[in-house]
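Report on the structure
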Amino acid sequence: LPKDRYVIGGYIPDLPQNFLKQWRPLLEDYLTEVVGSQYSPNMSFELIAVDYTPNTTSEKLADEGVIDFLYSHPMKLVCMEASHNFAIFGTQRSFILGKEAGGYGGTVYSLKSNANIRDVYDIRNKKLGVAQVLAFGGFALPYKMLKEYDIDIFLDTKQLVFYQ
């Protein structure tokens, strides 16, 4: 059943009060006033800071039914999608000098001359190099794509190397 109040948990690498100050106008005020007013009865949105303390992790609050949505780093969203059945359904549009700046993308690749890797399943039991865990295009997107092929890079590779 639809609710009339939804809670959005959110995190950025900063102090929780700075996160709330920066994002409350969009994720609480705008969504309530513009989006929520389109429904009958009207919906409201509340923004809370998550993942700043052990008692406010997004996993814990999702398990307890406290949060309905999550605004966070892309890697966190990929993890929540896998562990808590969250669905990623929105993204921010980035603009540079007033022009939209394309989108993110990740790449999984191998040398053409490497006869040992011809498709994604050949990554199993191989040495795999990836970007740092918080890198969206260099880790989160390839990690998510490989999970869709039932490949867990932490468990299914011979060695996992993180590069800067």
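Above this text is the structure in question.
For the structure given in this document, a descriptive report is provided here. All of these numbers come straight from a predicted model, not from anything done at the bench. (Residues numbered from 1 in each chain as written. Predicted model: local features only at pLDDT ≥ 70, side-chain atom pairs only at ≥ 80, totals over all residues. Heavy atoms only, no water.)

1. Points about the pattern of salt bridges
To be explicit about the condition: Whenever Lys or Arg places a side-chain nitrogen within 4 Å of a carboxyl oxygen from Asp or Glu, that contact is recorded as a salt bridge. We call a residue buried when its accessible area falls under 20% of the maximum for its residue type, exposed when it is over 50%, and partly exposed in between, using a 1.4 Å probe and counting protein chains only. The numbering of helices and of strands both runs from the N terminus, where a helix is a DSSP run of H or I of at least 4 residues and a strand a run of E of at least 2.
In this structure the tally under the stated criterion is seven salt bridges. Salt-bridge contacts for Glu64 lead to Lys60; the nearest nitrogen and oxygen are separated by 2.6 Å. Residue classification places Lys60 among the partly exposed positions, given a relative accessible area of 31%. Linking Glu148 and Lys144 is a salt bridge whose minimum nitrogen-to-oxygen distance equals 2.8 Å. Here Glu148 and its partner Lys144 are both found in helix 4 (residues 136–148), four residues apart, which amounts to about one turn of the helix.

2. Here's the deal with the sheet that holds strand 2 (residues 44–49)
Spelled out, the test is: Strands are labelled as partners when DSSP assigns at least two bridges between them. Fitted lines through C-alpha atoms give the axes, limited to the stretch in contact for helices. The angle between two N-to-C directions lies from 0 to 180 degrees. Contact criterion: two residues are considered in contact whenever any of their non-hydrogen atoms come within 4.5 Å of each other.
If you trace the three strands from one edge of the open sheet to the other, you get 2-1-3, paired in parallel fashion. Pairing within the sheet leaves two strands with one partner each, and these edge strands are strand 2 and strand 3 (69–71). For this sheet the average axis-to-axis angle between neighbouring strands, irrespective of direction, equals 30 degrees. In this structure, strand 1 (residues 5–10) lies alongside strand 2, joined through six bridges in parallel fashion. The partner of Tyr6 across the bridge, within strand 2, is Phe45. Sheet contacts for helix 1 (residues 16–35): strand 1, strand 2 and strand 3; angle to strand 2, the most-contacted strand, approximately 170 degrees.

3. Considerations on unusual backbone geometry
Between Ser40 and Pro41 the backbone carries a cis peptide bond, its omega angle lying at 0 degrees. Summarising the element assignment, Pro41 is placed in the loop between helix 1 and strand 2. Notably, Asp51 is not glycine yet its phi reads approximately 70 degrees, a positive angle. With respect to the helices, strands and loops of the structure, Asp51 is situated in the loop between strand 2 and helix 2 (58–63). Classification of Asp51 by relative accessible area gives partly exposed; the value is 21%. The backbone of Asp150 sits at a positive phi, close to 60 degrees, despite the residue not being glycine. Residue position: Asp150 is located in the loop between helix 4 and helix 5 (153–156).

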